[in-house]
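# Notes for the structure review
Spelled out, the chains give:
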There are 2 protein chains.
Amino acid sequence: MNTTEHMTEVVQRYVAALNEGDLEGIVALYADDATVEDPVGSEPQRGIEAIRAFYANSLKLKLEVALTGEVRAVANEAAFAFTVGFDYQGRKSVISPIDHFRFNEAGKVISMRALFGPANIHQA
Amino acid sequence: MNTTEHMTEVVQRYVAALNEGDLEGIVALYADDATVEDPVGSEPQRGIEAIRAFYANSLKLKLEVALTGEVRAVANEAAFAFTVGFDYQGRKSVISPIDHFRFNEAGKVISMRALFGPANIHQA
């Protein structure tokens, strides 16, 4: 069983790595056989190479990521609300997802799902 | 597929019913064969009678429930961060979960999971 402290730290490292554009820092948090469904409802990325390619594409934009509340963590799962700001074609956008991480026994993220819909995408 | 608007409204009705101690208002949001896992990691309540009993017990305390951000909703799923305040044995406590609802095609909640751990329980 993963501790609350470990899962919370992984979330904080994830947020920091997104802000720093640190692709390998992000990938290091995932298990080799992890899946990433971002957003929920899309076809999941399966396996670390697909996940690396997915984040490499995301990091083409400079992201400003901030938690908007405490990390919830228990029983090998964590959830957290946050904002992701970026400029796209000269326009400032902010998306407000809730992400869900499931951890394997080695302490790596085995499943990530990012839940946001059209009402959670804001344009300045 | 459930609309964002419907799922957001169900979450708002859920929060209002918790605040009002409206047991049947809560139960009406759930499918007959729904499950409630609260907190994540506990044995789920299965079926509407078990769910009614679960909430009847919860509502023995006067709850003060407030969303702490926008409802995230897409693809038959919703997630929301909130606080639940209550007095227990003369002591004021606040729990800060993130709940996840999955909806069936009839627009009812078929699965609820409440994710919070020891670090999300605060005592005044």
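The residue count restarts for each chain, going from 1 along the sequence in the order it is written. Starting at A for chains and at 1 for ligands, labels are handed out in the order in which the entities are written. Residue-level local features of this predicted model are given only where pLDDT is at least 70; pairs of side-chain atoms are given and counted only at 80 or more, and the full residue set underlies all totals for whole chains, interfaces and linings. Values shown for side chains rest on all heavy atoms present in the structure; no hydrogens or waters enter the calculation.

### Comments concerning the relation of the copies chain A and chain B
- When chain A is fitted to chain B, the residual RMSD is 0.0 Å, and the transformation amounts to a turn of 180° plus an axial shift of 0.0 Å. Those values place the two copies in the arrangement expected of a two-fold rotation axis. Among all residues of chain A, the one whose C-alpha sits closest to the rotation axis is A:A81, at a distance of 3.6 Å.
- For this analysis, residues touch if any pair of their heavy atoms sits within 4.5 Å. A high fraction, 100%, of the interface residues of chain A reappear at the interface in chain B, so the copies pair face to face through one surface. Least squares is the method for superposing the copies, and the C-alpha atoms it fits come from residues with pLDDT of at least 70 in both.

### Brief notes about the interface of chain A and chain B
- Taken together, the contact pairs 29 residues of chain A with 29 residues of chain B.
- Regarding the contact of chain A and chain B, the summed buried area is about 2,000 Å², with carbon and sulfur atoms giving 57% of it.
- Put simply, buried area is how much 1.4 Å-probe accessible surface two parts lose in total, over both of them, once they are put together. Its largest share of buried area at the contact with chain B, chain A owes to A:R72, A:I98 and A:L115, together 32% of the area lost on that side.
- Think of a salt bridge as a Lys or Arg side-chain nitrogen and an Asp or Glu carboxyl oxygen that are within 4 Å of each other. One can count two salt bridges joining chain A with chain B.

### Quick notes on the environment of A:G41
- Only DSSP runs of H or I with at least four residues qualify as helices, and only runs of E with at least two residues qualify as strands; both kinds are numbered from the N terminus onward. If you trace the backbone, A:G41 turns up in the loop between strand 1 (30-37) and strand 2 (45-46).
- Linking A:G41 and A:N2, residues 39 residues apart in sequence, is a C-alpha distance of 27 Å.

### A few points about the pairing of strand 6 (residues 91-95) of chain A
All names here are of chain A.
- In this scheme, strands are said to pair when DSSP sees at least two bridges between them. Bridge analysis of strand 5 (residues 77-88) against strand 6 gives five bridges, and the strand direction is antiparallel. Paired with G85 across the strands is V94, a residue of strand 6.
- What sits between the antiparallel neighbours strand 5 and strand 6 is a turn of two residues, in which Q89 has the positive phi angle 50°.
- Two elements, strand 6 and strand 9 (residues 121-123), share three bridges in a ladder whose sense is antiparallel. Within strand 9, the residue paired with S93 across the bridge is Q123.

### A short note on the confidence of the model for chain A
- Here chain A averages 97 in pLDDT, while 100% of its residues score no lower than 70.
- Our summary of model confidence lists the complex with pTM equal to 0.96 and ipTM equal to 0.95. Confidence per residue, as judged by the predictor, is encoded in pLDDT with a range of 0 to 100.

### Points about unusual backbone geometry
All names here are of chain A.
- Residue P39 is reached from D38 by a cis peptide bond, and omega for that bond is 0°.
- With respect to the helices, strands and loops of the structure, P39 is situated in the loop between strand 1 and strand 2.
- Here the phi dihedral of N76 falls at roughly 70°; this positive angle occurs in a residue that is not glycine.
- Examined against the element boundaries, N76 turns out to sit in the loop between strand 4 (72-74) and strand 5.
- We call a residue buried when its accessible area falls under 20% of the maximum for its residue type, exposed when it is over 50%, and partly exposed in between, using a 1.4 Å probe and counting protein chains only. N76 sits in the buried class, given a relative accessible area of 12%.

### Thoughts on helix 3 (residues 48-58) of chain A
Residues and elements named next belong to chain A.
- Regarding helix 3, the residues found buried are I48, I51, F54 and Y55. Along the long axis of helix 3, the arc covered by the buried residues comes to 120°, so they all point the same way.
- Buried residues belonging to helix 3 abut helix 1 (4-20), helix 2 (23-27), strand 1, strand 2 and strand 8 (109-115). The arc in question is formed by the directions pointing from the helix axis toward the C-beta atoms.

### Overview of the nonpolar core
- Buried Ala, Val, Leu, Ile, Met, Phe, Trp, Tyr and Cys residues that are joined via side-chain atoms within 4.5 Å together make up what is termed a nonpolar core. Counting residues in hydrophobic clusters, the biggest one holds 36 residues, and the most contacted among them are A:Y14, A:Y30, A:Y55, A:F101 and A:M112.
- Contributing elements (two or more residues each) for this core: helix 1, helix 2, strand 1, helix 3, strand 5, strand 7 (98-103) and strand 8 of chain A.
- Residue contributions to this core peak at seven residues, all from helix 1 of chain A.
- Residues within four places of A:Y14 in sequence aside, it is in contact with A:I26, A:L29, A:Y30, A:Y55, A:F80, A:D99, A:F101 and A:M112.
- One finds B:L29, B:L59, B:V71 and B:F80 within the second-largest nonpolar core, a separate group that totals 35 residues.

### Quick look at the environment of A:R13
- You can see A:R13 is positioned in helix 1.
- Remark: the alpha-carbon pair of A:R13 and A:R102, spanning 89 residues in sequence, is separated by 15 Å.

### Observations concerning the pattern of salt bridges
Residue and element names in this part refer to chain A.
- Evaluated as defined, the whole model comprises 14 salt bridges over all chains.
- Here E49 and R52 are joined by a salt bridge, their closest N and O atoms 2.9 Å apart. Of this pair, E49 and R52 both sit in helix 3, three residues apart, roughly one helical turn.
- Of the residues examined, E49 reaches a relative accessible area of 54% and is grouped as exposed.

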